Amino acid sequence: MPRALPGSNVGGGGFLDYDTGKLGEALRAAKGGGRWQRWRWGPARRFREAVRLRLPLALLRIPPSARLAAPLPPASGNVSHRPGVAAARARNRRAMSEAGGGRGCGSSVPQRAPWSLVAATAAFCLVSATSVWTAGAAPMSREERQKLGNQVLEMFDHAYGNYMEHAYPADELMPLTCRGRVRGQEPSRGDVDDALGKFSLTLIDSLDTLVVLNKTKEFEDAVRKVLRDVNLDNDVVVSVFETNIRVLGGLLGGHSLAIMLKEKGEYMQWYNDELLQMAKQLGYKLLPAFNTTSGLPYPRINLKFGIRKPEARTGTETDTCTACAGTLILEFAALSRFTGATIFEEYARKALDFLWEKRQRSSNLVGVTINIHTGDWVRKDSGVGAGIDSYYEYLLKAYVLLGDDSFLERFNTHYDAIMRYISQPPLLLDVHIHKPMLNARTWMDALLAFFPGLQVLKGDIRPAIETHEMLYQVIKKHNFLPEAFTTDFRVHWAQHPLRPEFAESTYFLYKATGDPYYLEVGKTLIENLNKYARVPCGFAAMKDVRTGSHEDRMDSFFLAEMFKYLYLLFADKEDIIFDIEDYIFTTEAHLLPLWLSTTNQSISKKNTTSEYTELDDSNFDWTCPNTQILFPNDPLYAQSIREPLKNVVDKSCPRGIIRVREESFRSGAKPPLRARDFMATNPEHLEILKKMGVSLIHLKDGRVQLVQHAIQAASSIDAEDGLRFMQEMIELSSQQQKEQQLPPRAVQIVSHPFFGRVVLTAGPAQFGLDLSKHKETRGFVASSKPYNGCSELTNPEAVMGKIALIQRGQCMFAEKARNIQNAGAIGGIVIDDNEGSSSDTAPLFQMAGDGKDTDDIKIPMLFLFSKEGSIILDAIREYEEVEVLLSDKAKDRDPEMENEEQPSSENDSQSAEQITSSSQEVDLVDQESPEESSLNSQPESLSPADMDNAASVSPSEQISNPMENHETTSLDGECTDLDNQLQEQSETEEDSNPNVSWGKKVQPIDSILADWNEDIEAFEMMEKDEL
């Protein structure tokens, strides 16, 4: 779902009440006189027309004792207000300089201030940041910025022109086949098609983009087409959420700019609120969706028949996403303010109130999906990405547009919880709302790319820079941001539907900092779009960012948002025909005028059902938006934050923290723990980790996760040691994975009554006989004693000349291999000791060595999860003699053996059927399926310690990578080329083995041979498949 983000942040509309502090006294005394000040914070991170303060300008000289902090970002460029822009700006700067002794008003808050006062105080703390940032990177010349802006215009013309030529009046363009996508005429894409309502979606979504790009004539023509051709009374089921943000928002944005152009007197002189009337008609069509006991809307509605009628074909749903119910207030409130019909704003407020009441009280987080009738959380994971994202955005922006302090209070409560639990800079990882210290998943989705922009709006600049830089590094690796990627920055879902969220955050970071680095980021986005996504009939979404394959899709939000943000990034103020800071961006980047804050205000009933709790803001300081504080006298501030993150996913080694501790070493203190020396079973090492702020978490699938929280470290020195330790672990793991990226292997049961029909997916080893280069190993299996294989075997005669079965745990894999090899075994199968584990649900991995020379191990070693291993163990109990084949992939079945060893009794036949049917056809897993891939789609490298398991490293202070190292080996000294690693991963995935599906019953030999031939043909065809 598209999310257009940040655009504002100061309370709006009317007077604010102040009741504490000297500033409050000054403001109360000033209410009787002075001039109107219309402070504004536009999309460029400046004050919007949201707070109206009636006071003399002289009172801007606030004494130091009255200074308060505000959760707002610094102003960028010129701050405009009416009247007297230049004079008031100069007075304000002088006042801040005098009041703060040359440091503005950036002192810490001695005591907690009321929310309204904290927000309003920011209006007195304006210091321009633009000049500070020009030294951070080589400035881009005006000529180059104009050139890039013109390039954006040409790209928009290419996309919009092809839509109008080949697709209009269809909802969207299919750029590969050069035709329109019409609902019902193309194969269904599931929920994605719920955005299509046969209402020329792309045209409506692009209306205000035309004006932003100074295409006023095309805008006027487009409005005429909408009024002439668009029908909102279609018998089609649409998403309430998508229709609201794209269509209702598009009509309101178009209306806003139409009346602006009409006032200017050159264009749209014929316009008489026709778009607003269409928006009102659509608003009434959406209202029946709110007919629930909770006030939360149904997720879908029929434009013609509404809800719960037989002909409506909808109304039976019980669940909706939090963002779906919580991303309505801007459009619905604007519709009410434009038309005077208060019902729209009231319904949207009720939905927001209900979501707030249902938040998890101990964590102050909300889940992803909620039951619209009972209010129970259906999905109890929480993050800032898909399903929740724009709920947070609209709380803050509703405060800006509507001036209701309760929205700011709610947002700040949620934001405190996000920074406390979800934020692990530079990562943002989902957690459980009831157990917020427990991560809910190890991957992130692309929609969270909006969050840095929202943090800029909030004023929390540092984590915004960090997360944005991490995302940019992923983009530089894959050209686009994958729909989902793991915490070690591998592709989880490979699609990219040309989402604009990253471009949006780039624009807002540039406006907040003035750092030309972000212009270079925008330039990269333009180059990648033209190089990889541009096709003759528009721009095509990426089906797989690794292969560069396209999808026949160009969503409307691409035109509504992407080109708008890119153009604004490079445009000067004079390049835009209106003052964009008079408007607030919706989540679809539609523009709503800020003067709505004082128009047709309805009596808002503040939610009084629960008290707002006082927040512990230890995770970030409240400061005035003063560059001296947010960017303390350092023109390279943003660059200094970005620099450590440049090695997260690029080719170079992660740079350790340069710190000299020779004096400490000479005084007898022990040197810091190195990753290569770490032993998870060593209590002393675990204590050192704790001191460094590193936590060890045992996951259900047997893996171990390392997480660093610098704030939990014993000292700043220990925190730095912890950060370096995490970087070393990441480098060490990446190096091991680079050294050997092995595909999965196969264990095939070939004895009676299976005859090769059961193929089990096995993990490879980085030592021993390489089955891909040598002939497969065939033999009967026998259990070793002791079963863990960690000491000399007591039953060597039982495993002599056989394949030994050993249990995972207690010692290194290599040690087990040496013990069974010394006993005469010809191969080994390690069975997971984590009961219930399966290759269906857990990522495959490869067994690593012990850091020593493993050339002495000559036998093949494979790993089976518990579920697959139990199939062999059950077969042994049933038949005693079980023969298996260890190979790099499944081999042809042996028809001669089947003829010779047909089941001699009915019981044998029944047993064979029972055993085979329980084996669930465990073959080489399709590694491209997002549902089946857990952490990443490659076999992972296990720690050298057999006892366990892959360690997922998620340092909140620097980077977070799932790693397959529990105990590490002495492999330091070389850098990990992550580029080659991901390339090898992609190549391995492209050559991944296909599924070989076997029958579950004993069949006649002719039938079996026929089936086998078909399977072989399918196998060969799938091997050629590039994915």
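Residues numbered from 1 in each chain as written. Predicted model: local features only at pLDDT ≥ 70, side-chain atom pairs only at ≥ 80, totals over all residues. Heavy atoms only, no water.

As recorded in an unreviewed UniProt entry, the protein goes by the name alpha-1,2-Mannosidase, listed as coming from Lynx pardinus. Per UniProt, the comment on the protein under Sequence similarities (unreviewed entry) is "Belongs to the glycosyl hydrolase 47 family." Quoted verbatim from the Subcellular location (unreviewed entry) field of UniProt, the annotation for the protein is "Endoplasmic reticulum". (UniProt positions renumbered as here; feature names shortened; annotations may be inferred.)

Asker: Is there a simple way to think about the overall build of the protein in this case?
Answerer: Scanning the protein from terminus to terminus reveals 32 helices and 35 strands. Taken across its 1027 residues, the protein has 63% of its residues classed as buried. A total of about 37300 Å² of accessible surface is found on the protein, and carbon and sulfur atoms cover 48% of it. (Helix = DSSP H or I, 4+ residues; strand = E, 2+ residues; numbered from the N terminus. Buried < 20%, exposed > 50% of the residue type's maximum accessible area, 1.4 Å probe, protein only. Areas by Shrake-Rupley, 256 points an atom, 1.4 Å probe, with all protein chains shown as cover.)

Asker: What should I look at first to understand the pairing of strand E32 (residues 883-887) in this one?
Answerer: Consecutive side chains of a regular strand alternate in pointing toward one face of the sheet and then the other. Burial analysis of E32 places five of its five residues in the buried class, the great majority of the element. With burial as the criterion, each face of E32 is covered, one bearing Glu883, Leu885 and Ser887 and the other bearing Val884 and Leu886. Taken together, the four bridges between strand E27 (residues 777-783) and E32 define a ladder with antiparallel strand orientation. Looking at the pairing, Phe780 lines up with Glu883 of E32. (Pairing = 2+ DSSP bridges.)

Asker: Would you mind going over the nonpolar core with me for this structure?
Answerer: It is characteristic of soluble globular proteins that their nonpolar side chains tend to be buried jointly. Leu529, Phe539 and Phe578 are the most contacted members of the largest nonpolar core, which has 181 residues in total. No other element matches helix H9 (residues 240-264), which puts 12 residues into this core. Both domains that meet at this core, namely domain 1 (159-309) and domain 2 (318-441), each give it at least three residues. When near neighbours in sequence (up to four residues on either side) are disregarded, Leu529 contacts Met155, Phe480, Leu498, Arg534, Phe539, Phe558, Met562 and Leu566. Counting 23 residues, the second largest nonpolar core, distinct from the first, contains Ala825, Ile857, Ile859 and Phe865. (Core = buried A, V, L, I, M, F, W, Y, C linked by side-chain atoms within 4.5 Å. Domains from an automatic or database assignment. Contact = heavy atoms within 4.5 Å.)

Asker: Looking at this structure, I do not really get the pattern of salt bridges. What am I missing?
Answerer: Opposite charge on two side chains allows them to pair when their charged atoms are near. Applying the stated criterion to the full structure yields 43 salt bridges. Measuring nitrogen to oxygen at the nearest pair gives 3.6 Å for the salt bridge that ties Glu172 to Arg246. Taken together, the positions of Glu172 in strand E3 (residues 172-174) and Arg246 in helix H9 put the pair 74 residues apart, joining distant regions of the chain. Taking relative accessible area as the criterion, Glu172 reaches 2% and is therefore assigned buried. Judged by its relative accessible area of 4%, Arg246 is buried. In the salt-bridge network here, residues are joined through shared partners; they are Glu172, Arg189, Asp193, Glu242 and Arg246. (Salt bridge = Lys/Arg side-chain N within 4 Å of Asp/Glu carboxyl O.)

Asker: I would appreciate a short explanation of the packing of aromatic side chains in the present structure.
Answerer: Aromatic ring pairs: the centre-centre distance and the angle between the two ring planes describe each pair. Counted according to the given criterion, the structure contains 30 aromatic pairs. Centre to centre, the rings of Trp443 and Trp493 are 4.8 Å apart; their planes meet at 50°, and the pair counts as tilted. Of this pair, Trp443 sits in strand E14 (residues 443-445) while Trp493 is found in strand E16 (residues 491-493), placing the two residues 50 residues apart along the sequence. By relative accessible area, which is 13% here, Trp443 ends up buried. For Trp493, a relative accessible area of 28% gives the class partly exposed. The structure contains a cluster of three or more aromatic residues connected by ring pairs, namely Phe156, Tyr160, Phe539, Phe558 and Phe563. The ring centre of Trp443 lies 3.8 Å from the NZ or CZ of Arg441, which sits over that ring. Positioned above the aromatic ring of Tyr518, the side-chain terminus of Arg642 is 5.3 Å from the ring centre. (Phe/Tyr/Trp six-rings, centres within 6.5 Å; stacked < 30°, edge-to-face > 60°. Lys NZ or Arg CZ within 6 Å of the ring centre and 35° of its normal.)

Asker: Help me understand the side chain of Arg183, please; the structure alone is not making it clear to me.
Answerer: Mapped onto the elements, Arg183 comes out in the loop between strand E4 (179-181) and helix H6 (201-205). For Arg183, the side chain forms a polar contact with the main-chain oxygen of Leu196, separated by 2.5 Å. Filtering out sequence-adjacent residues up to four positions away, Arg183 remains in contact with Asp193, Asp194, Leu196, Lys198, Val236, Val237 and Val238. (Polar contact = N/O pair within 3.5 Å; in protein donor to acceptor, adjacent residues only side chain to side chain.)

Asker: Just to check I follow, could you spell out the state of the cysteines for this structure?
Answerer: Under the criterion given, the structure shown has three disulfides. The disulfide that involves Cys321 links it to Cys324, with 2.1 Å between the sulfurs. The chirality of the disulfide connecting Cys321 with Cys324 is right-handed, given an S-S dihedral of about 90°. Cys324 carries the same exposure label as Cys321, and that label is buried. In this model Cys790 forms its disulfide with Cys811; the gap between the sulfur atoms is 2.1 Å. Linking Cys790 and Cys811, the disulfide has an S-S dihedral of approximately -85° and is accordingly described as left-handed. (Disulfide = S-S within 2.5 Å.)

Asker: Help me out: how do you make sense of the UniProt feature "active site" (unreviewed entry) in the protein in this one?
Answerer: With numbering matched to this structure, UniProt assigns "active site" (unreviewed entry) to Glu242, Asp389, Glu483 and Glu501. Within the secondary structure layout, Asp389 lies in helix H14 (residues 389-402). Exposure remark for Asp389: the relative accessible area of 0% places this residue in the buried category. Structurally, the position occupied by Glu501 is in helix H18 (residues 501-513).

Asker: Got a minute to help me understand the pairing of strand E29 (residues 827-831) in this structure?
Answerer: In terms of residue burial, E29 counts as a mostly covered element, since five of its five residues are buried. Side chains of E29 alternate between two faces, with Gly827, Ile829 and Ile831 and Gly828 and Val830 buried alike. Two elements, strand E28 (residues 803-807) and E29, share five bridges in a ladder whose sense is parallel. Note that in E29 the partner of Ile806 across the bridge is Val830. Bridge count between E29 and strand E31 (residues 861-864): four bridges; the pairing is parallel. Bridge assignment links Ile831 to a residue of E31, and that residue is Leu864.

Asker: Hey, could you run me through the sheet that holds strand E8 (residues 369-371) in this one?
Answerer: Within the open sheet, the three strands sit side by side as E7-E8-E9. Their pairing is antiparallel. What marks the edges here is a single partner per strand, and that holds for strand E7 (319-321) and strand E9 (377-379). Between one strand axis and the next, the sheet turns through 35° on average, direction left out of account. (Axes fitted to C-alpha atoms, helices over the stretch in contact; angles between N-to-C directions.)

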